[in-house]
Amino acid sequence: MANTRASAGYSCCCHTCCCFFYTQYFCRSDVEARQLMLAPLFACFVICSYALLQVAGWDVFDWVKMSVFGGYVRPIATLGHANFLGAYLVVVFPLVGFYAAEALQKGIRWVAFMLGVLAIAIGCVLIAALSRAAWLAFAVACLILVAGSCYLAAPKRVIQLTIGFVCCVVLIGIVLVCSDSRLAASLTERVERLGEASSRWHLWQCAWAMFCDHPILGQGVDTFHVNFGRYRSVEYACSEWGTTPLRAHNELLHVLATQGLFGAGAVLLIGSGWLWHAWLRWHTSDRGGRLWLVALLAGMAGFVVQSCAGFTSVGLGTIVVTLAALVRIEPRNAPGKPNSVRLPAVVGFVFAIAVFLVNVSYASRRSAFLLVGILIVAGLMAALVVITLDVGGRTAKFNATVTPRAMGVGLAICLILGAGGYVLVVRPLQADVACRHGQELLANDPEKALRYLQQATAMEPTNPFYWGRLGLAVQRLVRQPLPPRKRHHYLQIGEHAYHQAIRHCPSQAYYFAGLGRIRTELVRMRAADKGAAFAAYDQALRLDPKNGEIAVDAANGALTMGDWERARAYADSGLRSYPRFGPLKAHVGYAAFMQKRYREAVDCLTHALVACEWRGEKTARDFAFAMLSKAQNLYAMHQQRNAASRLATSDRR
């Protein structure tokens, strides 16, 4: 649940605790608890509608970094990734089943029908999401939900509804698969490779190695990606080239790697306490309360299962923490009438649509009316369901006398909370927005990107990610033709940025590699020492010895600074791990070329271009072709010169 780009784990733990205790404090009874959980039910209508539109190919937005499997673009709806979408729907599905049963019991058949349609839509979206962890978690959640319902209600009726639901999902799923050949092929391939998890196995082995090295307290909260370089295996790098995972994709292993036995003990304590409260509540609840508890247990079980092959996003973690808090609420009626969710539902929906439109670029807004219209219809349908299920009413009036002292204390608390909210929420958000703008401009306007990233670092000077992005912007900027004085000024900014990033995160190899690249440019301007640049490269390779990209950067830096032997040593160290990586083999050829060993240069470059993998490095491959042509010409001239020299010597004899 923590910020995946920075060490924000402790603040995330604080926010999670606030969400947990806030839920317990304001939900005083089962009635209010069930009203609260109408919110994810409301969201599910919109999420499933949007996901089905994406599956049908009617999405009007061009998303970046989409998850593609076998040419099929997996739906993400509003959750950011297909795996997050599947995990969220698995957790919410038992609540949909509970509210449908409650609507049937109250005789509101049209609401039960709408919720049945929503349940079928959830099943179809889960099929289209192609998330194996979500499939398994969905099966477990359904098993618990059906078993609990059979125990508490008429088994025959529950079995009939379950069979009907499965048949509907299968039929609609067949229609979806038949209508999209890419989905059919991807689904078939996914099922055939159901048990394959080669990259995950290597990732889990690295997480276990991290735990074995620091078994008590682990590597540190949210430092998995920072320390991963020292444990990177060649097999993982070959399957996931150029990727440094932010999480272990297994919550238990991630806790062991980052928090050790101390964190695992805390998880065990929290889990056992939660199960104990669920056991106590089971024996103190009536039939309706037990059915509600079964729905909560099914949702939590789905979360636990999918966590064994994934990680928790913010959207999923919030609802899971809320479910955990609701188990501890006593099944009693609170004094006074419960709060109504009608107004919050309408306000929340309008706010969500506004945020959605604000986050869409202006060029896309004019083409988004159809999509937004469909989402509004889905939201109105959800609002009708929520309002019908809402028990309504208002809370009792509060008629206490407000004294000046109480007013002053309240004002002071408001000021403190406002200042804390600005420092902890508003300012980091502004910094993140500035960083986002900077990253979007890196490729086309690095000078403007530099200004945005400087704003981000000024607002959040302890965030190493912003400093690293600032250094990257400087690298992009100095590739352009600049006056020497201005170029030197920018390079000093970049060096300072990487120094700050290393200061706050000294275990990240990429920051040392970036510092080495900046110092290489300073060496070219005779404004730095070669030893300092080589020291940065050496430290980067010590922190991430199996990283082929860093080895290429180091070899390229050594060539730029004219140290041919060191360039060859960097390339050879990388080739020991990746003997078929073309850029590394080409750098050996470059070093031989600069040392005038043309035959060796021709052999190395030919081998690099013919028998090696370049992994998308098209520019580097084109440069290698040019160097090979030049080396062949010089080698031919060298051979002719030697032949002429031998002929002249024989004539003299």
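Our structure is the block above this text.
Here is what the cut-offs are and how they apply
Residues numbered from 1 in each chain as written. Predicted model: local features only at pLDDT ≥ 70, side-chain atom pairs only at ≥ 80, totals over all residues. Heavy atoms only, no water. Helix = DSSP H or I, 4+ residues; strand = E, 2+ residues; numbered from the N terminus. Buried < 20%, exposed > 50% of the residue type's maximum accessible area, 1.4 Å probe, protein only. Contact = heavy atoms within 4.5 Å. Areas by Shrake-Rupley, 256 points an atom, 1.4 Å probe, with all protein chains shown as cover. Expected span 1.5 Å × (residues − 1). Polar contact = N/O pair within 3.5 Å; in protein donor to acceptor, adjacent residues only side chain to side chain. Patch = residues over 30% accessible without salt bridge, like charges linked within 9 Å, V, L, I, M, F, W, Y side chains within 5 Å. Salt bridge = Lys/Arg side-chain N within 4 Å of Asp/Glu carboxyl O. Core = buried A, V, L, I, M, F, W, Y, C linked by side-chain atoms within 4.5 Å. Axes fitted to C-alpha atoms, helices over the stretch in contact; angles between N-to-C directions. Parallel < 35°, antiparallel > 145°, perpendicular 65-115°, else oblique. Left-handed = near helix turned anticlockwise from the far one by under 90°. Nonpolar A, V, L, I, M, F, W, Y, C, P; charged D, E, K, R; others polar. 1 Å grid on protein atoms, 1.4 Å probe; cavity = no way out; pocket = protein on both sides within 12 Å on 5 of 7 lines; lining within 4 Å. Points joined across faces, edges and corners; volume = space filled by probe spheres on them. Phe/Tyr/Trp six-rings, centres within 6.5 Å; stacked < 30°, edge-to-face > 60°. Lys NZ or Arg CZ within 6 Å of the ring centre and 35° of its normal. Lys, Arg positive; Asp, Glu negative; His and termini not counted. Disulfide = S-S within 2.5 Å.

Let's talk about the overall build of the chain
So, point 1. Helix and strand counts for the chain stand at 28 helices and 2 strands.
So, point 2. Looking at the chain as a whole, 45% of its 653 residues are labelled buried.
So, point 3. Contacts spanning at least 24 positions in sequence make up 72% of the contacts within the chain whose residues lie at least 6 apart.
So, point 4. Accessible surface computed for the chain: about 33,700 Å², of which carbon and sulfur atoms make up 64%.

Here's the deal with helix α12 (residues 251–284)
Think of an α-helix as turning once every 3.6 residues; residues three or four places apart then point the same way.
So, point 1. In this model α12 runs just 32 Å from its N-terminal to its C-terminal C-alpha over 34 residues, more than 12% under the 50 Å that 1.5 Å per residue would give.
So, point 2. Between a side-chain oxygen at the N-terminus of α12 and the backbone nitrogen of Leu252 the separation is 3.1 Å; the capping residue is Asn250.

Brief notes about a nonpolar patch on the surface
So, point 1. Among the surface-exposed residues, Val166, Val170, Leu171, Ile172 and Ile174 lie close enough to one another that they form a single nonpolar patch of about 430 Å² accessible area.
So, point 2. Along the polypeptide, Leu171 turns up in helix α7 (residues 155–179).

Here's the deal with the nonpolar core
So, point 1. Counting 80 residues, the largest nonpolar core has Leu89, Tyr99, Leu115, Leu118, Ile122 and Trp292 as its most contacted members.
So, point 2. Ranked by residue count, the leading element in this core is helix α4 (residues 82–106), at 14 residues.
So, point 3. Grouped together as the second largest cluster of nonpolar side chains are 77 residues, Leu477, Ala501, Ala558 and Val588 included.

Remarks on the packing of helix α13 (residues 287–307) against helix α14 (residues 314–327)
So, point 1. At a minimum axis distance of 10 Å, the contact between α13 and α14 shows a crossing angle of 140°. Classified by the interaxial angle, the pair formed by α13 and α14 is oblique. Seen from above, α13 lies across α14 with left-handed handedness. Judged by residue contacts, Trp292, Leu293, Leu296, Met300, Phe303 and Gln306 of α13 engage Leu316, Val320, Leu323, Ala324, Leu326 and Val327 from α14.
So, point 2. Here the contact of α13 with α14 is composed, by residue class, of 11 nonpolar, 1 polar and no charged.

Topic: unusual backbone geometry
So, point 1. With a phi angle near 60°, Asp222 is a residue other than glycine that sits in the positive phi range.
So, point 2. Looking at the element boundaries, Asp222 is found in the loop between α9 (198–213) and α10 (224–227).
So, point 3. The exposure class assigned to Asp222 is buried, which follows from its relative accessible area of 8%.
So, point 4. With a phi angle near 55°, His249 is a residue other than glycine that sits in the positive phi range.
So, point 5. Looking at the secondary structure, you find His249 in the loop between α11 (234–239) and α12.
So, point 6. According to the relative accessible area criterion, His249 is buried, its value standing at 18%.

A look at empty space enclosed by the protein
So, point 1. Considering all chains together, one arrives at 3 cavities of 30 Å³ or more under this definition.
So, point 2. Here the largest cavity is characterised by a volume of approximately 60 Å³.
So, point 3. Lining the largest cavity are Arg232, Ala237, Trp241, Gly242, Thr243, Tyr510, Lys546, Asn547, Gly548, Glu549 and Tyr578.
So, point 4. Taken together, the residues of the lining of the largest cavity break down into 4 nonpolar, 4 polar and 3 charged.

Concerning the packing of aromatic side chains
Two aromatic rings, taken as a pair, are described by how far apart their centres are and by the angle between their planes.
So, point 1. Inspection of every chain in the model, using the stated rule, returns 19 aromatic pairs.
So, point 2. Consider the rings of Phe84 and Phe311, whose centres lie 5.4 Å apart with planes at 80°: the pair is edge-to-face. With Phe84 in helix α4 and Phe311 in the loop between α13 and α14, this pair connects stretches of sequence that are 227 residues apart.
So, point 3. When the ring of Phe224 is compared with that of Phe228, the centres are 5.9 Å apart and the planes differ by 35°; the resulting orientation is tilted. Considered together, Phe224 and Phe228 belong to a single accessibility category, that of buried residues.
So, point 4. Through a chain of ring-to-ring contacts, the aromatic side chains of Phe93, Phe138 and Phe165 assemble into a single cluster.
So, point 5. The ring centre of Phe69 lies 4.5 Å from the NZ or CZ of Arg190, which sits over that ring.

Comments concerning the layout of surface pockets
So, point 1. Taken as a whole, the second largest pocket holds about 1,800 Å³ of empty space.
So, point 2. Counting residues per element, the ones that place at least two in the lining of the second largest pocket are α1 (9–26), α12, α13 and α14.
So, point 3. In terms of residues, the lining of the second largest pocket owes the most to one element, α12, which gives 19 residues.
So, point 4. A breakdown of the residues in the lining of the second largest pocket according to their chemical character gives 29 nonpolar, 14 polar and 4 charged.

Let's talk about the pattern of salt bridges
So, point 1. In total, this model carries 17 salt bridges according to the counting rule given.
So, point 2. For Asp544, the salt bridge goes to Arg232, with nearest N and O atoms at 2.8 Å. Taken as a pair, Asp544 in the loop between α23 (530–543) and α24 (548–560) and Arg232 in the loop between α10 and α11 lie far apart in primary sequence, 312 residues in all. The burial state of Asp544 is the same as that of Arg232; both residues are buried.
So, point 3. Lys618 is the salt-bridge partner of Asp622, the closest N and O atoms lying 3.2 Å from each other. Note that Asp622 and Lys618 are positioned in helix α28 (residues 618–652) at a spacing of 4 residues, about one turn of the helix.

Concerning the packing of α12 against α13
So, point 1. At their nearest, the axes of α12 and α13 sit 12 Å apart, and the two run at 165° to each other. The pairing of α12 with α13 is recorded here as roughly antiparallel in orientation. When you trace α12 past α13, the crossing you get is left-handed. Two secondary-structure elements touch here, α12 through Glu251, Trp274, Ala278, Arg281, Trp282 and His283 and α13 through Arg290, Trp292, Leu293, Val294, Leu297, Met300 and Ser307.

A short note on helix α3 (residues 38–55)
So, point 1. Taking 1.5 Å per residue, 18 residues should reach 26 Å; α3 reaches 26 Å between its end C-alpha atoms and fits that length.
So, point 2. Extensive coverage of α3 is indicated by the burial of 14 of its 18 residues.
So, point 3. Positive phi appears at Gly57, one or two residues downstream of α3, with a value of about 80°.

Details of the side chain of Arg190
So, point 1. By the element assignment, Arg190 lies in helix α8 (residues 181–192).
So, point 2. Buried Arg190, no salt bridge; nearest opposite-charge side chain is Glu189, N-O distance 7.7 Å.

A word on the state of the cysteines
Put plainly, two cysteines are in a disulfide when a covalent bond ties their sulfur atoms together.
So, point 1. Scanning the entire structure with this criterion turns up 0 disulfides.
So, point 2. Distance from the sulfur of Cys48, which forms no disulfide, to the nearest cysteine sulfur (Cys44) is 5.0 Å.
So, point 3. A relative accessible area of 2% means that Cys48 is categorised as buried.

Let's talk about the side chain of His254
So, point 1. Here His254 shows up in helix α12.
So, point 2. With a relative accessible area of 5%, His254 lands in the buried category.
So, point 3. With near-sequence residues (within four places) excluded, His254 lies in contact with Phe224, Leu246, Arg247, Ala248 and Gln259.

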